[in-house]
Amino acid sequence: MADLIDYGFNSKMMPEKVRDIPARITAVHRERYELICEYGHTYGRLKTSIYYGEGCESFPTTGDFVLVQYNCSGDSQIVKTLERKSKFSRNDFSGHAVGYVKTVKEQVVAANFDYVFIMASLNYDFNLKRIERYLTLAWQSGAIPVVILTKADLVEDCAEQVSAAEKIATGAGVYAVSAKTGYGIDNLADYLKPGKTIVFLGSSGVGKSSLVNALAGEEIMAVNEIREDDSRGRHTTTHRQLVMLPAGVMIIDTPGMRELGMWDVSSGLGEAFSDVESCFGKCRFSDCKHKSEPGCAIKEAIANGELSKERWDSYLQIRHEAKFSDDKAGFLRNKEKRNKSIAKWSRQNKKNGGIKK
Ligand SMILES: Nc1nc2c(ncn2[C@@H]2O[C@H](COP(=O)(O)OP(=O)(O)OP(=O)(O)O)[C@@H](O)[C@H]2O)c(=O)[nH]1
Ligand SMILES: [Mg+2]
């Protein structure tokens, strides 16, 4: 018997008057879902009439709480995705067509976590811009971001990198750790509490699964020991898995999520770049474009060293991408429309015997 409360469930999540039982999704394998419920580990499939019908229910993902019609001798039926307290989404361009127009759908890839561990390796490809992007996504998710700099055993001194990360990680903790030697792991104790869920994000090879194992004190996730650090793109972890550690904290280990694009990061951007956005109200003109207007607080902050030029450029870049992402649905619609009118024009031309020279 498993107690779902240990898995972060709270009876307030339960809708009234339902006979179905709650469960948490621990992994997704195509159309089959691994679940934990009061009867222990089991499998489930989506109830077609609910998930593929009109006004369809949001597809569940790893970390989701769902309602199931329990089946003790086979796969249970998943009948509802309960409201999420946090989530990571990406654009799903898999070609859902509505009539003639392709739509961009939100695809939720992890849900109901308390902390996001943004992981970057200290020895290879340490990239502040990438950390800034992850921070924006993490703040948007509804959870609390924490920056974890991995493989501290491979560098002489990481003080400079820690302080560089602290400068960009406004409001988030920054920790250097080593899964190999155990260095810095004790400092994470505040996050490793029973009933809490942490999602690990970071490029392939930064040591996400190795840290899961170091925290668990045993090998629960596969790690490819022989691969070189720079063998990027070779994903050892291939799907998102929620694991319960002996200490009672849960971790959603993920494959290097390079595919995680910007999906509606309006509030995440404001939190990740609160230092930048706090300048906005101080410009002389309320509609300041921060280009050549007199009395621009951004220009002044850059001139007097309060704000770095790189930080401002990162902000503009991420905001631009986020806007593009928000506009993608419209962009695709326009593209379809344009293609349609080109096709019409070409059909008409053929009928009229081609273009006259
Ligand atoms: N020296 C050292 N090597 C480490 C450390 N953590 C991980 N590694 C090595 O880095 C490589 C990648 O580790 P993984 O834990 O598989 O990385 P991952 O982030 O889970 O990668 P994906 O599953 O592909 O996304 C392995 O060869 C690990 O042994 C560390 O703290 N120190
Ligand atoms: Mg892994």
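Here the structure is a predicted model, which means the values were calculated and not measured.

Engineer: Describe the overall build of the protein, and please don't skip the residues or the numbers.
Structural biologist: Scanning the protein from N- to C-terminus turns up eight helices and 15 strands. The buried share among the 357 residues of the protein stands at 45%. Across the protein, the fraction of contacts at a sequence separation of at least 24, relative to all contacts at a separation of at least 6, is 64%. Here the protein has roughly 19,400 Å² of accessible surface; of this, 50% comes from carbon and sulfur atoms.

Engineer: Can you tell me about helix α3 (residues 159–168), naming the residues and giving the values?
Structural biologist: Restricting attention to buried positions, one finds in α3 the residues Q161, V162, A165 and I168. The buried residues of α3 occupy an angular sector of 130 degrees when projected down its axis, which confines them to one face. Residues E160 and K167 are exposed on α3 and point more than 90 degrees away from its buried face.

Engineer: Lay out the pattern of salt bridges with the relevant residues and their values.
Structural biologist: Taken as a whole and assessed by the stated rule, the structure comprises nine salt bridges. When the shortest N-O distance is used, the salt bridge between D75 and R32 registers 2.9 Å. Taken together, the residues span a long stretch of sequence, with D75 in the loop between β4 (65–69) and β5 (76–81) and R32 in strand β2 (residues 32–37) at a distance of 43 residues. According to the relative accessible area criterion, D75 is partly exposed, its value standing at 22%. A salt bridge links D114 to K85; its shortest N-O distance comes to 2.8 Å.

Engineer: Help me get a handle on the nonpolar core, residues and values and all.
Structural biologist: Judged by nonpolar contacts, the single largest core of 56 residues is most densely connected at F88, V116, I131, L135 and L149. Ranked by residues supplied to this core, first place goes to helix α2 (residues 128–141) with six residues. Both of domain 1 (4–83) and domain 2 (108–253) provide at least three residues apiece to this core. Beyond its immediate sequence surroundings of up to four residues, I131 is in contact with I118, A120, F126, V147, L149 and I168. L188, L192, I198 and L211 belong to the second largest nonpolar core, which has 23 residues in total.

Engineer: Can you break down the environment of S308 residue by residue, with the values?
Structural biologist: Structurally, the position occupied by S308 is in the loop between α7 (297–303) and α8 (309–351). Residue class for S308 comes out partly exposed when judged on its relative accessible area of 34%. Along the chain, S308 and V276 lie 32 residues apart, while their C-alpha atoms are 9.7 Å from each other.

Parameters at a glance
- Residues numbered from 1 in each chain as written.
- Chains lettered and ligands numbered in written order.
- Predicted model: local features only at pLDDT ≥ 70, side-chain atom pairs only at ≥ 80, totals over all residues.
- Heavy atoms only, no water.
- Helix = DSSP H or I, 4+ residues; strand = E, 2+ residues; numbered from the N terminus.
- Buried < 20%, exposed > 50% of the residue type's maximum accessible area, 1.4 Å probe, protein only.
- Contact = heavy atoms within 4.5 Å.
- Areas by Shrake-Rupley, 256 points an atom, 1.4 Å probe, with all protein chains shown as cover.
- Arc of directions from axis to C-beta.
- Salt bridge = Lys/Arg side-chain N within 4 Å of Asp/Glu carboxyl O.
- Core = buried A, V, L, I, M, F, W, Y, C linked by side-chain atoms within 4.5 Å.
- Domains from an automatic or database assignment.

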